[in-house]
Amino acid sequence: MTPEQLQRAWVLQAQADAERGVLECRMCRRRGPLEETTTLWRNGILVFALCDTCAGGHDVVFSPTPAGVEVRASRRSPVELVTQEVPRVHGPR
């Protein structure tokens, strides 16, 4: 699927889900109730949905563009990466 086809498919599914009161977050892909989701509608069509959990941890900016809407998100806190130390193999002494 091309990105445009994927976007159209998401919009159609989101419209059907919104009518049932359930939406999928565009960031984490979890489904949740409409009342726990921030939505962006344009010309009567749902173009973006964001769950409260993701919205609480990100600064999200919506900007209109000639092609539609640009959405940018940045984390409010740094991401901590935890790694294990690589074991060292010692040769015979």
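In case you missed it, the structure is sitting above this.
This structure is a prediction, so every number in the text was calculated from the model and none was measured.

What to know about the environment of W10
Then, number 1: Considering the arrangement of structural elements, one finds W10 in helix α1 (residues 3–20).
Then, number 2: By relative accessible area, W10 is classed as buried at 10%.
Then, number 3: Between the C-alpha atom of W10 and that of L46, which follows or precedes it by 36 residues, the distance is 9.6 Å.
Then, number 4: The contact partners of W10, leaving out residues within four places of it in the chain, are E24, R26, R29, L46, V47, F48 and A49.

Details of unusual backbone geometry
Note: most peptide bonds trans; most residues except glycine with negative phi.
Then, number 1: A positive phi is found at R29, a non-glycine position, where the angle reads about 70°.
Then, number 2: Along the chain, R29 turns up in the loop between β1 (22–24) and β2 (31–33).

With respect to a nonpolar patch on the surface
Then, number 1: Among the surface-exposed residues, F62, V69 and V71 lie close enough to one another that they form a single nonpolar patch of about 190 Å² accessible area.
Then, number 2: You can call V71 partly exposed: its relative accessible area is 31%.

Remarks on the environment of C28
Then, number 1: Note on placement: C28 falls in the loop between β1 and β2.
Then, number 2: The sequence separation of C28 and L50 amounts to 22 residues, and the corresponding C-alpha distance is 8.5 Å.
Then, number 3: If sequence neighbours within four positions are ignored, C28 has contacts with C51 and C54.

Some details on the nonpolar core
Then, number 1: W10, V11, A14, A18, L23, L46 and A49 together form the largest nonpolar core, which totals seven residues.
Then, number 2: At the level of secondary structure, the elements contributing two or more residues to this core comprise α1 and β4 (45–51).
Then, number 3: For this core, the leading source of residues is α1, giving four residues.
Then, number 4: Once residues lying within four places of it in the same chain are set aside, the contact partners of V11 are I45 and L46.

What to know about the packing of aromatic side chains
Then, number 1: One pass over the full model with this rule turns up one aromatic pair.
Then, number 2: Ring geometry for F48 versus F62: centroids 5.4 Å apart, planes at 75°, classification edge-to-face. With F48 in strand β4 and F62 in strand β5 (residues 58–65), this pair connects stretches of sequence that are 14 residues apart.

Cut-offs and rules
- Residues numbered from 1 in each chain as written.
- Predicted model: local features only at pLDDT ≥ 70, side-chain atom pairs only at ≥ 80, totals over all residues.
- Heavy atoms only, no water.
- Helix = DSSP H or I, 4+ residues; strand = E, 2+ residues; numbered from the N terminus.
- Buried < 20%, exposed > 50% of the residue type's maximum accessible area, 1.4 Å probe, protein only.
- Contact = heavy atoms within 4.5 Å.
- Patch = residues over 30% accessible without salt bridge, like charges linked within 9 Å, V, L, I, M, F, W, Y side chains within 5 Å.
- Areas by Shrake-Rupley, 256 points an atom, 1.4 Å probe, with all protein chains shown as cover.
- Salt bridge = Lys/Arg side-chain N within 4 Å of Asp/Glu carboxyl O.
- Core = buried A, V, L, I, M, F, W, Y, C linked by side-chain atoms within 4.5 Å.
- Phe/Tyr/Trp six-rings, centres within 6.5 Å; stacked < 30°, edge-to-face > 60°.

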